[in-house]
Amino acid sequence: MSTRKPVRKTSSTRAPARKPVSGTPAWAMPAATVAFLALVVGVFLVYRYYTTPPPPPAPTQDTTSQVVSIITTLPSSEFDTIAQGSANNLIKPVSGTTATGATGKPLVLYIGAEYCPFCAAQRWPLIIALSRFGTFSGLQTTTSSSSDVYPNTVTFTFHGATYMSQYIDFRAVETSDRNQNQLETPTAADQDLINRYDSAGTIPFVDFGNRYSSTGAFYSPETIGGMSWLALAESLQQPDSPQAKAVVGSANVITAAICKMSGDQPASVCSTATIQKIEKTLQ
């Protein structure tokens, strides 16, 4: 899982330097050894360049709309068939004053970054789950960094998107773009939740109304690696596919946490046997 880079601590006290056992400086290295190491590094970089899959072509706006429509209108029968699927339930209970959003409703807070492959993976089930409670607009496609693990994982960004719901508020903070340039900054209230429940700085971090929180993706980005946005969306319509079991299963876990913070509203989503069963694991 990706983490925000910690500040490295330094110390003013140093251990005494060891004296070399011969007249040759301790840092000295034969030229042949230096050349060999340089060759090894060069070969590795070339290998990585040719084995890293290139980012897929950006979809057209029509295709993006098609993908969003597919993943936000999955039938309830599919959620019930998959249940938790292959998703790991990483949601933990927390305690404190209920966190609310701009409209005073219970707040789902997401902290992530566009370069992060685990954020890329987790956005798919987040979008699916949140769309059961409200509506997104302005979602745009992107990929994770090409130089991180699981390079060029297809996903969406929450940067510039909006969300409306009569049951909950949702706020997303994408701290960096896919090239790790600063993008958005958490508020003081956001940072307070991060300090309390995500002191290691792991992303993605999600807080569910200050009742539950999670860090990391619920499944491996490898599950969706090498796929285009449309191919992935279409695979989610097949309950037996590895992608559906991972992504839709994760969406069900997220849905259960949101239902707990929304007072099990709407009933059409929260009262199903599948969600009620998962809710019991969140106590």
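Residues numbered from 1 in each chain as written. Predicted model: local features only at pLDDT ≥ 70, side-chain atom pairs only at ≥ 80, totals over all residues. Heavy atoms only, no water.

### Description of unusual backbone geometry
Our working definition: A run of H or I in DSSP counts as a helix once it spans at least four residues, and a run of E counts as a strand once it spans at least two, with each numbered from the N terminus. Relative accessibility under 20% of the residue-type maximum defines a buried residue, over 50% an exposed one, and the middle range a partly exposed one, all with a 1.4 Å probe and only protein chains included.
Note that the residue after Ile203, namely Pro204, is joined by a cis bond; omega there is 5°. Take Pro204: it is sitting in the loop between strand E9 (202-203) and strand E10 (205-208). At Asn152, a position not held by glycine, the phi torsion is positive, near 60°. Within the secondary structure layout, Asn152 lies in the loop between strand E5 (140-143) and strand E6 (154-157). Of the residues examined, Asn152 reaches a relative accessible area of 6% and is grouped as buried. Phi angles above zero are rare outside glycine, and Asn210 is one such case at about 65°.

### Digging into the packing of aromatic side chains
The criterion, for reference: Paired rings are identified among Phe, Tyr and Trp, the last through its six-membered ring, by centres lying within 6.5 Å, and are further divided according to the angle between planes into stacked (under 30 degrees), edge-to-face (over 60) and tilted (the rest). Counting as a charge over the ring demands two things of the Lys NZ or Arg CZ atom: a distance within 6 Å of the ring centre and an angle within 35 degrees of the ring normal.
Tallied over the entire structure, the rule returns eight aromatic pairs. With 5.3 Å between their ring centres and 70° between their planes, Trp124 and Phe156 make a pair best called edge-to-face. Here Trp124, found in helix H4 (residues 117-130), pairs with Phe156, found in strand E6; they are 32 residues apart in sequence, far enough to count as distant. Given a relative accessible area of 0%, Trp124 falls into the buried group. Geometrically, the ring pair formed by Phe136 and Phe170 is edge-to-face, given 5.8 Å between the ring centres and 80° between the ring planes. Highlighted residues: Phe136 in strand E4 (residues 134-137) and Phe170 in strand E8 (residues 169-174), separated in sequence by 34 residues. Among the residues examined, Phe170 registers a relative accessible area of 15% and is labelled buried. Here a set of aromatic residues connected by ring pairs shows up, and it is made of Tyr110, Phe136, Phe158, Tyr163 and Phe170. Its end group placed over the ring of Phe79, Arg132 keeps NZ or CZ at 3.7 Å from the ring centre.

Taken by themselves, the reported measurements are silent on function.
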